[in-house]
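Summary of the model geometry
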Amino acid sequence: MDTVKNGTRLMRIAAGWLLGLMLAVAAAIITITMVNASFFGPQQPVRDYLQALRDGDGAKALGLLKATVPAGNPAVLDGSGLKSAAAAIEDLQIGDPQEQADGRVKVPASYKIDGADHSTEFLLEPAGNRWLFFSTWTFVPAPLPTIDVSVVNETTASLNGVGVTMPSGRSTFSVLYPGQYKASFQSGLFQAPSVTTAVTSAGDKPFAVELNTAPSPKLMADVNSQLHQYLDGCAKQQVLLPAGCPFSNHSDNRIVTPVVWSIESYPTVGISAYGGEWVIAPLTVKAQVSYQEQQLYTGAVVPVEEAQSFGFTAKLDTGGGSVTVTPVVDY
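None of the values given here were measured: they were computed from a predicted structure. (Residues numbered from 1 in each chain as written. Predicted model: local features only at pLDDT ≥ 70, side-chain atom pairs only at ≥ 80, totals over all residues. Heavy atoms only, no water.)

Examining the sheet that holds strand β9 (residues 170-174)
Spatial strand order, β9-β6-β12: 3 strands in an open sheet with mixed pairing. Every other strand in the sheet has two partners, leaving β9 and β12 (207-211) as the edge strands with one partner each. Sheet twist, expressed as the average angle between the axes of neighbouring strands with direction ignored, equals 20 degrees. Pairing between strand β6 (residues 146-151) and β12: 5 bridges, direction parallel. Bridging across to β12, Ile147 finds its partner in Phe207. (Pairing = 2+ DSSP bridges. Helix = DSSP H or I, 4+ residues; strand = E, 2+ residues; numbered from the N terminus. Axes fitted to C-alpha atoms, helices over the stretch in contact; angles between N-to-C directions.)

Here you go:
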């Protein structure tokens with residue numbers, strides 16, 4: 001009787017141990033699965049990569065992405081330019097891995113840039129196990145995207161706040177993705193409205209950005225000021241044909257009073273790029289002349305008052321950051 005009881009007790013103990021072992025194994029499997037998904041699954045390299053972008057750590061980002069870097073200016077592949085690109089990303093969500101037929105997975109990431117919805121799919125492949133149980137994943141190499149930036153009549157620009165050189169007014173930049181890249185140009189005399197581009201994926205086709213440089217308000221003010229001074233100087237000459245000026249008048253009679261010129265309307269100035277230089281469009285000034293003349297045949301003294309439009313051109317020189325306007329008058 002005691003033998004039966006002892007056997008039953010041992011069976012119960014063994015069953016308990018077996019149940020505990022099974023529960024421990026199950027718990028271990030669940031733990032391994034959770035850790036695998038949370039820390040070693042294909043989503044983790046994507047998290048690490050996106051964090052490297054936010055940190056402006058281009059070396060780490062490139063190391064994780066294993067991307068092919070095209071020939072081009074690397075000015076925004078690291079540091080503040082990269083950090084600025086990633087800072088535009090909002091409401092980032094990393095989705096569940098999507099298994100592919102070849103054993104790879106796609107990890108989608110959705111986000112907003114300037115309020116617009118965007119998404120990026122990262123392709124990863126298995127890279128073995130760590131500590132026997134934990135699977136690791138790595139990005140499938142792909143070429144980095146590029147941005148072709150051009151600027152009118154300038155050889156420098158700014159990309160995400162980083163000053164960049166633009167030989168012949170054009171340059172290609174290799175960039176990391178996803179991110180927003182903002183190109184701009186501004187100097188004391190010329191400026192271009194900034195252009196932003198959202199780069200969301202790898203690819204061979206470059207993004208094109210054109211900076212349409214135009215005269216700054218300061219340049220326009222300087223040009224107008226010099227033209228006004230020039231024309232005011234012409235108006236002070238009390239002759240029918242002021243020297244070096246577009247004004248002119250003719251009379252076959254005797255002028256018996258001072259000739260008085262006055263400007264009725266100054267030229268409207270237009271400045272544009274042409275042949276790699278900045279040129280001023282043909283100008284038109286409207287001026288009035290008044291005087292009294294004595295007619296040769298009758299001796300009568302009559303007043304003359306005439307308003308007329310006169311055309312002329314001017315050369316613009318902005319070398320050394322200064323503005324020089326040189327009027328040109330063809331007689």
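Having seen the model, we can carry on.
A closer look at the state of the cysteines
This model, assessed by the stated rule, comprises 1 disulfide. With a sulfur-sulfur separation of 2.0 Å, Cys234 is cross-linked through a disulfide to Cys245. Looking along the S-S bond of the Cys234-Cys245 disulfide, the torsion reads about -90 degrees, which is the left-handed sense. Here the residue Cys234 occupies a position in helix α5 (residues 217-235), and Cys245 occupies one in the loop between α5 and β14 (254-255), the gap between them amounting to 11 residues. An identical accessibility class is assigned to Cys234 and Cys245; each is buried. (Disulfide = S-S within 2.5 Å. Buried < 20%, exposed > 50% of the residue type's maximum accessible area, 1.4 Å probe, protein only.)

A few points about the packing of aromatic side chains
Per the stated rule, a full pass over the model turns up 9 aromatic pairs. Geometrically, the ring pair formed by Tyr49 and Phe122 is edge-to-face, given 5.7 Å between the ring centres and 70 degrees between the ring planes. In this pair, Tyr49 sits in helix α2 (residues 43-55) while Phe122 sits in strand β4 (residues 116-130), placing the two residues 73 residues apart along the sequence. Of the two residues, Tyr49 and Phe122, neither departs from the other in class, the shared state being buried. Taken together through their ring pairs, the aromatic side chains of Tyr49, Phe122, Phe139 and Tyr177 make up a single cluster. (Phe/Tyr/Trp six-rings, centres within 6.5 Å; stacked < 30°, edge-to-face > 60°.)

Let's talk about the packing of α2 against helix α3 (residues 58-65)
One can describe the packing of α2 onto α3 by two numbers: an axis separation of 8 Å at closest approach and a directional angle of 155 degrees. Taken as axis vectors, α2 and α3 run roughly antiparallel relative to one another. α2 and α3 meet at a crossing whose hand is left-handed. In this structure, α2 uses Asp48, Tyr49, Ala52 and Leu53 to contact α3, whose residues at the interface are Lys60, Ala61, Leu64 and Leu65. In terms of residue class, the contact of α2 with α3 is built from 6 nonpolar, no polar and 2 charged. (Parallel < 35°, antiparallel > 145°, perpendicular 65-115°, else oblique. Left-handed = near helix turned anticlockwise from the far one by under 90°. Contact = heavy atoms within 4.5 Å. Nonpolar A, V, L, I, M, F, W, Y, C, P; charged D, E, K, R; others polar.)

Let's talk about the side chain of Thr197
Along the chain, Thr197 falls in strand β11 (residues 190-199). Residues in contact with Thr197, not counting those within four places in the same chain, are Gly179, Gln180, Tyr181, Phe207 and Val209.

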